[in-house]
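The residues making up each chain are set out below.
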Amino acid sequence: GAVVSQHPSWVICKSGTSVKIECRSLDFQATTMFWYRQFPKQSLMLMATSNEGSKATYEQGVEKDKFLINHASLTLSTLTVTSAHPEDSSFYICSARDRTGGGLIGQPQHFGDGTRLSIL
Amino acid sequence: GQQVMQIPQYQHVQEGEDFTTYCNSSTTLSNIQWYKQRPGGHPVFLIQLVKSGEVKKQKRLTFQFGEAKKNSSLHITATQTTDVGTYFCAGRLTGGFKTIFGAGTRLFVKA
């Protein structure tokens, strides 16, 4: 089945540093990738939608200068948390939508294992 | 704004009992997807419903999409301990690329 690899799985860093998280679709091409933030025991909060070769679309309330998204190829999207602070500590999870397969109606999303970010 | 409401938030059942979670959207959906997330894991796609009134079954799981394409349900017959996890619905808004996740229903199964 479709596999999405997310790296790193866990990162701890000091306040003020920038952290890059990678999301790769390993066995399919993903024209669209999504970045979510998930708080403990809560649902996924969509942060942004990234399409290959174009600028990401950010959800209301998400700072685009804070969370930089690059989707340079059909298999890779990156999220960079710039100048991270303790309030940015969270579980970040990406998903990718397969470009192949039926029709105009969207394909299911395949999720990475997530990245637990802890800012000290 | 557009919302997908999911209830209940939590459900505790005895093994062998049935379980149902419901999703309701404020707007018509083009499709709805269901995911399962085990504790500590990532969401895993279960199924996608597209047609009005559609019913699909996967072993002990039955998925329904309402006639108005605004609500959906997931029913598990005779729950097992392996069913433990959080079940999310995700509705795709008509005419756009946006998918909104419900808050999830966390299922606890007591052996």
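Residues numbered from 1 in each chain as written. Chains lettered and ligands numbered in written order. Predicted model: local features only at pLDDT ≥ 70, side-chain atom pairs only at ≥ 80, totals over all residues. Heavy atoms only, no water.

Visitor: Could you clarify how one ought to interpret the overall build of chain A in this entry?
Guide: Tallying secondary structure elements over chain A gives zero helices and eleven strands in all. When the helices and strands of chain A are placed in sequence order, the string is β-β-β-β-β-β-β-β-β-β-β. Over its C-alpha trace chain A gives a radius of gyration of 14 Å, about what one expects of a compact globule, namely 14 Å for 120 residues. Principal-axis analysis of the C-alpha atoms places the extent of chain A at approximately 45 × 25 × 25 Å. Counted over contacts in chain A with a minimum sequence separation of 6, partners at least 24 positions apart contribute 56%. Accessible area of chain A: about 6,000 Å², with a carbon and sulfur share of 52%. Considering chain A, the positive charge centre built from 11 side chains and the negative charge centre built from 10 side chains are found 3 Å apart. (Helix = DSSP H or I, 4+ residues; strand = E, 2+ residues; numbered from the N terminus. Rg over C-alpha atoms; globule rule 2.2 N^0.38 Å. Contact = heavy atoms within 4.5 Å. Areas by Shrake-Rupley, 256 points an atom, 1.4 Å probe, with all protein chains shown as cover. Lys, Arg positive; Asp, Glu negative; His and termini not counted. Charge placed at Lys NZ, Arg CZ, Asp CG, Glu CD.)

Visitor: Where do I start with the nonpolar core in this structure?
Guide: Generally speaking, nonpolar side chains in soluble globular proteins are found buried as a group. Residues and elements named next belong to chain A. Core analysis: the largest hydrophobic core is formed by 25 residues, its most contacted members being W35, Y58, F67, I69, L79, Y92 and L117. Of all elements in the fold, only strand 2 (10-13), strand 3 (19-25), strand 4 (30-38), strand 5 (44-51), strand 7 (67-73), strand 8 (76-81), strand 9 (90-98) and strand 11 (115-119) reach the threshold of two or more residues within this core. Residues within four places of L117 in sequence aside, it is in contact with V11, C13, V19, V81, D88, S89, S90 and Y92. (Core = buried A, V, L, I, M, F, W, Y, C linked by side-chain atoms within 4.5 Å. Buried < 20%, exposed > 50% of the residue type's maximum accessible area, 1.4 Å probe, protein only.)

Visitor: What exactly am I supposed to notice about a nonpolar patch on the surface here?
Guide: A cluster of nonpolar side chains, contributed by W10(A), I12(A) and L120(A), occupies part of the molecular surface with about 400 Å² of accessible area. Structurally, the position occupied by W10(A) is in strand 2. (Patch = residues over 30% accessible without salt bridge, like charges linked within 9 Å, V, L, I, M, F, W, Y side chains within 5 Å. Salt bridge = Lys/Arg side-chain N within 4 Å of Asp/Glu carboxyl O.)

Visitor: Looking at this model, I keep getting lost on the state of the cysteines. Mind explaining?
Guide: A covalent bond between the sulfur atoms of two cysteines is what we call a disulfide. With the rule as written, the count across this model stands at two disulfides over all chains. In this model, C23(A) is linked to C94(A) through a disulfide, with the two sulfur atoms separated by 2.0 Å. A torsion of 80 degrees about the S-S bond marks the disulfide between C23(A) and C94(A) as right-handed. Highlighted residues: C23(A) in strand 3 and C94(A) in strand 9, separated in sequence by 71 residues. Accessibility assignment for this pair places C23(A) and C94(A) in one class, buried. Disulfide pairing places C23(B) opposite C89(B) at an S-S distance of 1.8 Å. Taking the sign of the S-S torsion, -95 degrees for the link of C23(B) and C89(B), the bridge is left-handed. Of this pair, C23(B) sits in strand 3 (residues 19-25) while C89(B) sits in strand 9 (residues 85-93), placing them 66 residues apart in sequence. You'll find C23(B) and C89(B) in the same group, each marked buried. C13(A) takes part in no disulfide bond, and the closest cysteine sulfur to it belongs to C94(A), at a distance of 18 Å. Judged by relative accessible area, which is 13%, C13(A) ranks as buried. (Disulfide = S-S within 2.5 Å.)

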